[in-house]
Amino acid sequence: MDFDYAALGLKAGIEIHQQLDTAEKLFCHCPTVLRDVEEHNGAFFRYLRATVSEMGEIDRAAREEMMVMRPFSYYAYDTTCLVENDEEPPAPLNPEALELSLTVAKMMGMTPVEQVHVMRKLVIDGSNTSGFQRTGLVALNGSLPTGERIESICLEEEAAQRIEDESFSLDRLGIPLAEITTAPDMHTPEAVKDVAAYIGMLLRSTMKVKRGIGTIRQDVNVSIREGARVEIKGVQELRLIDEVVRREAQRQVNLLSIRDVLLARNASVDEGSHDVTALFKETGSAILKRAKTIHAVCLRGYAGCVGREIQPGRRLGSEMSDYAKKCGVGGLFHTDELPAYGVTADEVASLKEVMGAGPDDCVVLVADAQKKVTCAIEQVRRRAEMARDGVPEETRKMLEEGSSAYMRPLPGAARMYPETDVLPVTVTDAYYDALCLPELLSEKADRYVRDMGLDASLAHSACPRGAVDL
């Protein structure tokens, strides 16, 4: 589905995270090489908890990650050290990585900071053994030839590589990462893709960035008029960036439409929940049959909205399920999709009768252990209430082919606090002015055409590190 994006008021920005090809990691002297997990020579596990910020608050995104405490496993190697294990203080900031990030900043006409101060960014999803990611602001206020503004470039440590749901490999942790953030200056999906392609070409022109899947990732920020800013993380393929933007615009349009229906119906969400375990004692649903507890909540006026598709493969019910899964449950059922999955029409009728649900109402079921169910029902109620407001601000993860799923709320100011183990690094004007800029791959290809008479496609493919438009 395509839209008149000017009429929608589409605004989009992008954050590009690029691994730098340095000899050592950002805060230790370990090599920046990746290993097969079978080569690990040690393993340990940790529980991660959020810390209170200097403002006396716990970041809202971190608070949600703590809803279910779980052990995270880590694999260590003979090429990792105690810094990755968070058992030794970090070494000083890698000067090679700083020079490279400042070179990229200069290529975009940015103003460097006078001192690079390393901060701690709270992350307790298991991807950092310390519970935070170290990051430092390097430069501000640049621009691209097409006019889009570059807000900042930061130098930060790469996260650990997820092997399974709660298991991580430490070989990737600490690889220097340049984070380039644009202003929300793009107003079509194609413009977002073009900007990402140009920045990717600029980075490869340094000849000092890593290549391959996972070495560069894009986070796309999207909003429409009456919608909200949503960050979609983990877009690894350039070909999917414009599709991600299209599908997020579609999702926000549909959520606003659902909002209007709910408001017109004066929709509401029941307080609490009902234990309906006994109703499904003889059910043919394997999931419900083996559950210790089944609870239900009635969403008044939500019929037809919970099962409505909001982007390919995703419904409002999928959004509620994402929130419920934060409590450790596998998912949920709702009467917009029942009878199905072994649940009969008679069981649905009995459920609606017990809940006092009318034809415009939707009933949501959650089945699991008592504690998980109680938590999950509250999450369902929370997301259902949000639907009456339209589009919630969220951080989401990209799914296959460009749709997305809820990850956590957008982080707030409480997420960042100073890193006390790493001294600031001064950036002098003389140092910055002396940095040599590489020839852009696009300019090199043009030179091959002009000076050597090569065909344009051959000139592009002859450029080192691959074609310039990939």
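Residues numbered from 1 in each chain as written. Predicted model: local features only at pLDDT ≥ 70, side-chain atom pairs only at ≥ 80, totals over all residues. Heavy atoms only, no water.

**Examining the packing of helix 7 (residues 316-325) against helix 9 (residues 370-387)**
For the pair helix 7 and helix 9, the least separation of the axes is 8 Å and the interaxial angle reads 140°. With respect to each other, helix 7 and helix 9 are oriented oblique. Seen along the crossing, helix 7 lies across helix 9 with a hand that is right-handed. Between helix 7 and helix 9, the residues in contact are Leu316, Glu319, Met320, Tyr323 and Ala324 and Ala376, Gln379, Val380, Arg382, Arg383, Ala384, Met386 and Ala387, respectively. (Axes fitted to C-alpha atoms, helices over the stretch in contact; angles between N-to-C directions. Helix = DSSP H or I, 4+ residues; strand = E, 2+ residues; numbered from the N terminus. Parallel < 35°, antiparallel > 145°, perpendicular 65-115°, else oblique. Left-handed = near helix turned anticlockwise from the far one by under 90°. Contact = heavy atoms within 4.5 Å.)

**Quick look at helix 3 (residues 95-107)**
Over its 13 residues, helix 3 extends 18 Å from the first C-alpha to the last, a length consistent with the 18 Å expected when each residue adds 1.5 Å. A positive backbone phi angle near 65° is found at glycine 109, which sits one or two residues after helix 3. (Expected span 1.5 Å × (residues − 1).)

**Section: the nonpolar core**
By size, the foremost hydrophobic cluster in this structure holds 91 residues, and its most contacted members are Ile14, Ile153, Leu299 and Tyr302. In this structure leucine 299 touches Ser268, Val269, Val306, Met320, Asp361, Cys362, Val364 and Ala384, once residues within four positions along its chain are discounted. (Core = buried A, V, L, I, M, F, W, Y, C linked by side-chain atoms within 4.5 Å. Buried < 20%, exposed > 50% of the residue type's maximum accessible area, 1.4 Å probe, protein only.)

**Observations concerning unusual backbone geometry**
A cis amide bond links leucine 338 to the next residue, proline 339, at an omega of 5°. Relative to the helices and strands, proline 339 is located in the loop between strand 19 (333-334) and helix 8 (345-355). Phi is positive for aspartate 86, which is not a glycine, with a value near 60°. Of note, aspartate 86 is situated in the loop between strand 3 (72-76) and helix 3.

**Some thoughts on the state of the cysteines**
Inspection of every chain in the model, using the stated rule, returns one disulfide. Looking at the unpaired cysteine 298, the closest cysteine sulfur is the one in cysteine 362, lying at 8.0 Å. (Disulfide = S-S within 2.5 Å.)

**Some thoughts on the side chain of glutamate 157**
Structurally, glutamate 157 is set in strand 8 (residues 149-157). At 2.9 Å, the side chain of glutamate 157 forms a polar contact with the backbone nitrogen of arginine 134. Once residues within four sequence positions are removed from consideration, glutamate 157 is found in contact with Leu26, Phe27, Asn128, Phe132, Gln133, Arg134, Gly174 and Ile175. (Polar contact = N/O pair within 3.5 Å; in protein donor to acceptor, adjacent residues only side chain to side chain.)

**A short note on the packing of helix 4 (residues 189-205) against helix 5 (residues 241-264)**
Viewed as axis vectors pointing N to C, helix 4 and helix 5 meet at an angle of 145°, and their least axial separation amounts to 8 Å. The two elements helix 4 and helix 5 meet at a crossing, and its hand is right-handed. Note on element contacts: helix 5 touches helix 4 through Ile241, Asp242, Val245 and Arg246, opposite Pro189, Glu190, Val192, Lys193 and Ala196.

**Topic: the pattern of salt bridges**
Tallied over the entire structure, the rule returns 37 salt bridges. Linked by salt bridges that have partners in common, Glu248, Arg251, Arg314, Glu319, Asp322, Arg383, Glu394 and Arg396 make up one network. (Salt bridge = Lys/Arg side-chain N within 4 Å of Asp/Glu carboxyl O.)

**Details of the packing of aromatic side chains**
Applying the stated rule across the entire model yields eight aromatic pairs. Here the aromatic rings of phenylalanine 132 and tyrosine 417 are separated by 6.4 Å at their centres, their planes lie at 75°, and the arrangement is edge-to-face. Of the two residues, phenylalanine 132 is situated in strand 7 (residues 132-143) and tyrosine 417 in strand 23 (residues 416-418); the sequence distance between them amounts to 285 residues. Owing to a relative accessible area of 8%, phenylalanine 132 belongs among the buried residues under this scheme. One aromatic cluster is present, built from ring pairs that chain together Phe44, Phe72, Tyr74 and Phe168. The residue whose ring lies beneath lysine 106 is tyrosine 432, and the NZ or CZ to ring-centre distance is 5.9 Å. Over the ring of phenylalanine 27 we find arginine 134; its NZ or CZ atom is 5.8 Å from the centre of that ring. (Phe/Tyr/Trp six-rings, centres within 6.5 Å; stacked < 30°, edge-to-face > 60°. Lys NZ or Arg CZ within 6 Å of the ring centre and 35° of its normal.)

**Notes on the pairing of strand 13 (residues 230-235)**
As paired strands, strand 12 (residues 216-223) and strand 13 are joined by four bridges and run antiparallel to one another. Bridge pairing in strand 13 places valine 220 opposite isoleucine 232. With antiparallel pairing between neighbouring strands as the criterion, strand 12 and strand 13 make up a hairpin whose turn holds six residues, including glutamate 226 at a positive phi of roughly 75°. One ladder, built from four bridges, connects strand 13 with strand 21 (residues 394-398); its direction is parallel. Its bridge partner lying in strand 21, lysine 233 is registered against lysine 397. (Pairing = 2+ DSSP bridges.)

**Notes on the sheet that holds strand 10 (residues 167-169)**
Consider a sheet: its strands pair through backbone hydrogen bonds, and that pairing is either parallel or antiparallel. Spatially, four strands are ordered 2-3-10-9 in an open sheet, and the strand pairing comes out mixed. In this open sheet, the two strands that pair with only one neighbour each are strand 2 (42-46) and strand 9 (161-164). Strand-to-strand twist across the sheet, computed as the mean angle between neighbouring axes with direction ignored, equals 30°. Across three bridges, the pairing between strand 9 and strand 10 is antiparallel. Residue pairing in the sheet places arginine 162 in a bridge with phenylalanine 168 of strand 10.

**Observations regarding the confidence of the model for the protein**
In this model, the protein carries an average pLDDT of 93, and 97% of its residues clear a pLDDT of 70 or more. Here residues 466-470 is modelled with pLDDT under 50, and outside its nearest four sequence neighbours on either side it reaches 14 contacts, counting other chains as well. (pLDDT = per-residue confidence, 0-100.)

**Notes on the side chain of glutamate 394**
Here glutamate 394 shows up in strand 21. Here glutamate 394 falls in the buried class, since its relative accessible area comes to 0%. In this structure the side chain of glutamate 394 is engaged in a polar contact, spanning 2.8 Å, whose partner is the side chain of arginine 396. Setting aside chain neighbours within four positions, we find glutamate 394 in contact with Arg229, Val230, Glu231, Arg251, Glu319, Tyr323, Arg383, Tyr406, Arg408 and Leu410.

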